[in-house]
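# Results of the structural survey
For reference, the chains in residue letters:
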Amino acid sequence: MIDCPQPGRQPTFRFAISRAAANPFPMTDTVFVLNGPNLNLLGTREPEIYGSDTLADIEAMLGEKARELGLAIDFRQTNHEGVLVDWLHEARSVGARAVLLNAAAYTHTSIALLDAIKAIELPVIEVHLSDPATREAFRHISYVGMGAVDEVKGLGARGYAVALEKAAAL
């Protein structure tokens, strides 16, 4: 909503918009599962931290869980920040039910992802295989978490299923 200003004054913006009004697209039963940089290397990259499951293993397990919950998943991975932003926008445009986001290292650096999460007005659940709070100090800040409705961390691959259950309950 924009208040019309008097001549020479700046407009005032107010954003008291309901989710239905903000997103004219009907909500579907699809949950976007977005994975960030280096997650394509799961299974071989630091298995002592991230486990031995590959991203394909996680996708297969999550697909099964989605069927049990009556949901569909759209599972993707990219090493590029802007692609994650585009996919968040796409989740909104197709009326996704929710987004599970493992932004990996972008979690700790990307204000662009935070802004996109706020802009799409969809529930985003932050997912981490490890627990960033128990790791290096630079991993303790989460820009994604500042916009997410919930987080699941430190449960390994099983964390994705827990996050999907949370999305189903929304």
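Look up: the structure comes first, before these words.
To keep things clear, this report deals only with the structure shown in the data block. (Residues numbered from 1 in each chain as written. Predicted model: local features only at pLDDT ≥ 70, side-chain atom pairs only at ≥ 80, totals over all residues. Heavy atoms only, no water.)

What follows deals with the sheet that holds strand E6 (residues 124–128). The five strands lie next to each other as E4-E3-E5-E6-E7, forming an open sheet whose pairing is parallel. Only two strands of the sheet have a single neighbouring strand rather than two, namely strand E4 (72–77) and strand E7 (150–153). This sheet shows a mean twist of 20° between the axes of neighbouring strands, independent of strand direction. Pairing analysis gives three bridges linking strand E5 (residues 98–102) to E6, with the strands arranged parallel. Paired with Leu 100 across the two strands is Ile 125, which belongs to E6. Strands strand E3 (30–35), E4 and E5 of the sheet are contacted by helix H3 (residues 55–69), whose axis makes an angle of about 165° with E4. (Pairing = 2+ DSSP bridges. Helix = DSSP H or I, 4+ residues; strand = E, 2+ residues; numbered from the N terminus. Axes fitted to C-alpha atoms, helices over the stretch in contact; angles between N-to-C directions. Contact = heavy atoms within 4.5 Å.)

With respect to the element layout, Thr 107 can be found in the loop between E5 and helix H5 (111–120). A relative accessible area of 1% means that Thr 107 is categorised as buried. If we skip the residues at most four places from it in the chain, Thr 107 touches Glu 126, His 128, Ile 141, Ser 142, Tyr 143 and Val 144. (Buried < 20%, exposed > 50% of the residue type's maximum accessible area, 1.4 Å probe, protein only.)

With that out of the way, let us pick up unusual backbone geometry. Phi at Asn 38 is positive, roughly 75°, even though this residue is not glycine. With respect to the helices and strands, Asn 38 occurs in the loop between E3 and helix H2 (47–50). Since its relative accessible area comes to 34%, Asn 38 is described here as partly exposed. The backbone phi angle of Ala 104 is positive, close to 55°, even though this residue is not glycine. Of note, Ala 104 is situated in the loop between E5 and H5.

Read these as geometric descriptors, not functional statements.
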